[in-house]
Amino acid sequence: MSKWQFWIDRGGTFTDIVARQPDGTLKTHKLLSENPERYKDAAIRGIADLLGVAREADIPADQIDAVKMGTTVGTNALLERKGEPVLLIVPQGLRDALRLGYQARPRIFDLAITLPALLYHQVLEVPGRIMADGTELEPLDEAVIRAGLEDTKKQGIDACAIVLMHSYRFPDHEQKIAAIAREVGFGQISVSHEVSALIKLVGRGDTTVVDAYLSPILRRYVDQVAGQLERADGEAAPRLMFMQSNGGLVDADRFQGKDCILSGPAGGIVGAVETARAYDFDRIISFDMGGTSTDVAHYDGAYERTFETVVAGVRMRAPMMSIHTVAAGGGSICHFEGGRFRVGPDSAGANPGPASYRRGGPLTVTDCNVMLGKLQPGFFPRVFGLDGKQPLDADVVRRRFAAMAADIAEQTGSQRTPAEVAAGFLRIAIDNMAHAIRQVSVQRGHDVTGYALNSFGGAGGQHACLVADALGIETVILHPYAGVLSAYGMGLADLRCLREKSVEAPLANDSLHHVVAVANALAAEAHQELRDQGIADDQITSHKRLHLKYAGTDKSLPVALDTVDAMQAAFAA
């Protein structure tokens, strides 16, 4: 007998759910991500609602086949610096290597520079060094390492990140330290040659620290969700999978901190691409406007990924969908200060949410649309108020905009109606979003006038045509599931495994044999991981790519693995 599947996107403001019922039809549900008076976890409450389960009753897990989910739990922990306390283990003399980073100064004209808070809490410098050619310059002092780990463990720190020089090629010392950490009893051990087997200590180290910092938070959340889905009869629980930042699903027990940052937005891109393909569009701009932010991406026949990025002031080297985010969502707060209008970057979130959400929140972009009549309370989900059954409050929006118009008139002498004030804030939000799209398209040489704008997200439909007009785009796609497309994308996504490794060799026929051997070994590892997740060999497809760069430069371009001449031509094209 067929069972239910649930595809879930837990966003900053709303949690969206698409359920595939046993008869194959789809059903959607949307609820606030945070509503502590009514439920502890929005995803579990949404599943219960769709199954018709009462508030205190257990979920009938025997009726569920699979749950595929994207979550912002890790992203929020990173943004709010609420991850696990981490011990950073580095070679002696490199205590401040990650703090110093690359000495980049992106905002040299700011009068007050506020550095992002470090993710690690303590540093343990360990004697021992392996050189770039694999020679052991200094052996590990295992007694000193064990004593340092035991002392840190006594202080209550349970996560460690091990980052040594040249370990991406020669991991022996890292493996020995990890073994000692397991003996001491550390619960989370992130090792740089496993997390990010790439050259450059700083990028590899930052990624490893992020993994150690977020993985325990994710594990607790995964265990919480899995616990709610356990079957009373002791049979196997429904399969639980999470979306990774690279656009592929993975079994819950393999979900890592470094792969969770774009978990929700990645599902949106998959959904946008697959739905556009159904309408024969292969060149799109995905426009995902939610409650907290707007995510935009470029697609021209292949998913674009970035392998090094900065999120919340933290450098990471892990495959991620190439997504540009701007703080202009439905919950972006409207400010009038210093004689000018400003939208965001702060957001009202789900709690308290916009003024119209009946929780005493500030005026936001959503309220602008209520004020202008673009959002009709009678057609909006009734999920507000203490009982979760009230409509949007349009009256409080009109009163608040009237008060703001009066304040603007008092400060500037300019007489504006409340509707004109709301329209002004909306124009600013539109400009912010159009600028974000230009950054991923026009500024990289793509003419977007020949593209389709695939608009989705809870607030996308209200703004898609205005954004398209600002960019000269003539085609807008609004799928029937546009309001929950990120969740829909979870159901359309494949299980995916990406492996990468630094080779650092000249591109020549002499080195190609070694390069092919490395690529084949990585492919074999990835194949085995997919097999372990229940995927048959005939369903697995491999794509092998090299990242090439000119000698003496830092930036690389991906090309398909081929002959030397073919790769040189592809690189130069």
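**Overview of the overall build of the protein chain**
Right, on to step 1. On a plain count of helices and strands, the protein chain comes out with 15 helices and 25 strands.
Right, on to step 2. The C-alpha atoms of the protein chain give a radius of gyration of 25 Å, which matches the 25 Å a tight globule of 573 residues would have.
Right, on to step 3. When the backbone C-alpha atoms are referred to their principal axes, the protein chain occupies close to 75 × 60 × 50 Å.
Right, on to step 4. Counting across all 573 residues of the protein chain, residues that qualify as buried make up 51%.
Right, on to step 5. A total accessible area of about 26500 Å² is found for the protein chain, and carbon and sulfur atoms account for 49% of it.
Right, on to step 6. Taking the average place of the 58 positive charges on the side chains of the protein chain and the average place of its 70 negative ones, the gap between the two points comes to 3 Å.

**Describing the sheet that holds strand S4 (residues 64–71)**
Think of a sheet as strands paired side by side through backbone hydrogen bonds, with each pair either parallel or antiparallel.
Right, on to step 1. Ordered in space as S3-S2-S1-S4-S11-S12, the six strands form an open sheet in which the pairing is mixed. With partners counted over all chains shown, the strands left at the sheet margins are strand S3 (26–32) and strand S12 (249–251), one partner each. Mean inter-strand twist for the sheet, computed between neighbouring axes without regard to direction, equals 20°.
Right, on to step 2. In terms of strand pairing, strand S1 (residues 4–10) meets strand S2 (residues 14–20) through six bridges, oriented antiparallel. Among the inter-strand pairings, Phe6 is bridged to a residue of S2, identified as Ala19.

**Some thoughts on the packing of helix H10 (residues 394–412) against helix H11 (residues 418–440)**
Right, on to step 1. Where H10 meets H11, the axes come as close as 8 Å, and the angle between the chain directions of the two elements is 85°. In terms of their interaxial angle, H10 and H11 are classed as roughly perpendicular. Touching Phe401, Ala402, Met404, Ala405 and Ile408 of H10 are Pro418, Val421, Ala422 and Phe425, all from H11.

**Structural notes on the pairing of strand S20 (residues 332–337)**
Right, on to step 1. Counting buried residues in S20 gives five out of six residues, a clear majority hidden from the surface.
Right, on to step 2. Here S20 hands over to strand S21 (residues 340–347) after two residues, with Gly338 in that stretch at a positive phi of 60°.

**A word on the nonpolar core**
Right, on to step 1. Formed by 142 residues in total, the largest nonpolar core has its most connected members in Phe6, Leu88, Ile261, Phe401, Phe425, Met433 and Leu453.
Right, on to step 2. With twelve residues, helix H7 (residues 201–228) is the single largest residue contributor to this core.
Right, on to step 3. When near neighbours in sequence (up to four residues on either side) are disregarded, Ile261 contacts Thr75, Leu78, Leu214, Ser245, Val311, Met316 and Met320.
Right, on to step 4. Counting residues in each nonpolar core, the second largest holds 19 residues, with Ile145, Cys160, Ala178 and Val184 among its members.

**A look at the side chain of Asp295**
Right, on to step 1. Summarising the element assignment, Asp295 is placed in strand S14 (residues 294–299).
Right, on to step 2. Buried and unpaired, Asp295 has Lys30 as its nearest opposite-charge partner, separated by 13 Å.
Right, on to step 3. Look past the residues within four positions of Asp295 in its chain and what remains in contact with it is Pro265, Ser286, Phe287, Asp288, Ile323, His324 and Thr325.

**Quick word on the pattern of salt bridges**
Right, on to step 1. Under the criterion given, the structure shown has 23 salt bridges.
Right, on to step 2. For Glu525, the salt bridge goes to Arg499, with nearest N and O atoms at 3.4 Å. Here the residue Glu525 occupies a position in helix H14 (residues 509–532), and Arg499 occupies one in the loop between helix H13 (485–492) and H14, the gap between them amounting to 26 residues.
Right, on to step 3. One continuous salt-bridge network, built from bridges that share partners, spans Arg499, Glu525 and Glu529.

**Digging into unusual backbone geometry**
Right, on to step 1. A positive phi angle, near 95°, is found at Lys200, a position not held by glycine.
Right, on to step 2. Secondary-structure assignment places Lys200 in the loop between helix H6 (192–195) and H7.
Right, on to step 3. Given the relative accessible area of 30%, Lys200 is considered partly exposed.
Right, on to step 4. Its identity is not glycine, yet Arg358 carries a phi of approximately 65°, on the positive side.
Right, on to step 5. Topologically, Arg358 is positioned in the loop between S21 and helix H9 (365–371).
Right, on to step 6. On the basis of relative accessibility, which here comes to 36%, the residue Arg358 falls in the partly exposed class.

What counts, and where the lines are drawn
Within each chain, residues carry numbers counting from 1 in the order of the written sequence. The predicted nature of this model means local features are confined to residues of pLDDT at least 70 and side-chain atom pairs, given and counted, to a pLDDT of 80 or more, with totals for whole chains, interfaces and linings taken over all residues. Computation of side-chain values covers all heavy atoms of the structure but excludes hydrogens and water. Only DSSP runs of H or I with at least four residues qualify as helices, and only runs of E with at least two residues qualify as strands; both kinds are numbered from the N terminus onward. For the radius of gyration, the atom set is restricted to C-alpha positions; the globular benchmark scales as 2.2 Å times the number of residues to the power 0.38. Only protein chains enter the area calculation, which uses a 1.4 Å probe; residues under 20% of their type maximum are buried, those over 50% are exposed, and those in between are partly exposed. Only the protein chains shown count as cover for residues, and the accessible areas themselves come from Shrake-Rupley with a 1.4 Å probe. In this tally, Asp and Glu contribute negative charge and Lys and Arg positive charge; neither His nor the terminal groups of the chain are included. The atoms used to mark charge sites are NZ of Lys, CZ of Arg, CG of Asp and CD of Glu. At least two DSSP bridges between two strands are required for those strands to pair. Every axis in this analysis is a line fitted to C-alpha atoms, fitted for helices over the stretch in contact. Angles between the N-to-C directions lie between 0 and 180 degrees. Geometric relationships in this document are graded by angle, where less than 35 degrees denotes roughly parallel, more than 145 denotes roughly antiparallel, 65 to 115 denotes roughly perpendicular, and other angles denote oblique. Only heavy atoms matter for contacts: two residues are in contact if any of them lie within 4.5 Å across the pair. What we call a nonpolar core is a set of buried Ala, Val, Leu, Ile, Met, Phe, Trp, Tyr and Cys residues that are connected through their side-chain atoms within 4.5 Å. Each salt bridge in this description consists of a side-chain nitrogen of Lys or Arg and a carboxyl oxygen of Asp or Glu lying within 4 Å of one another.

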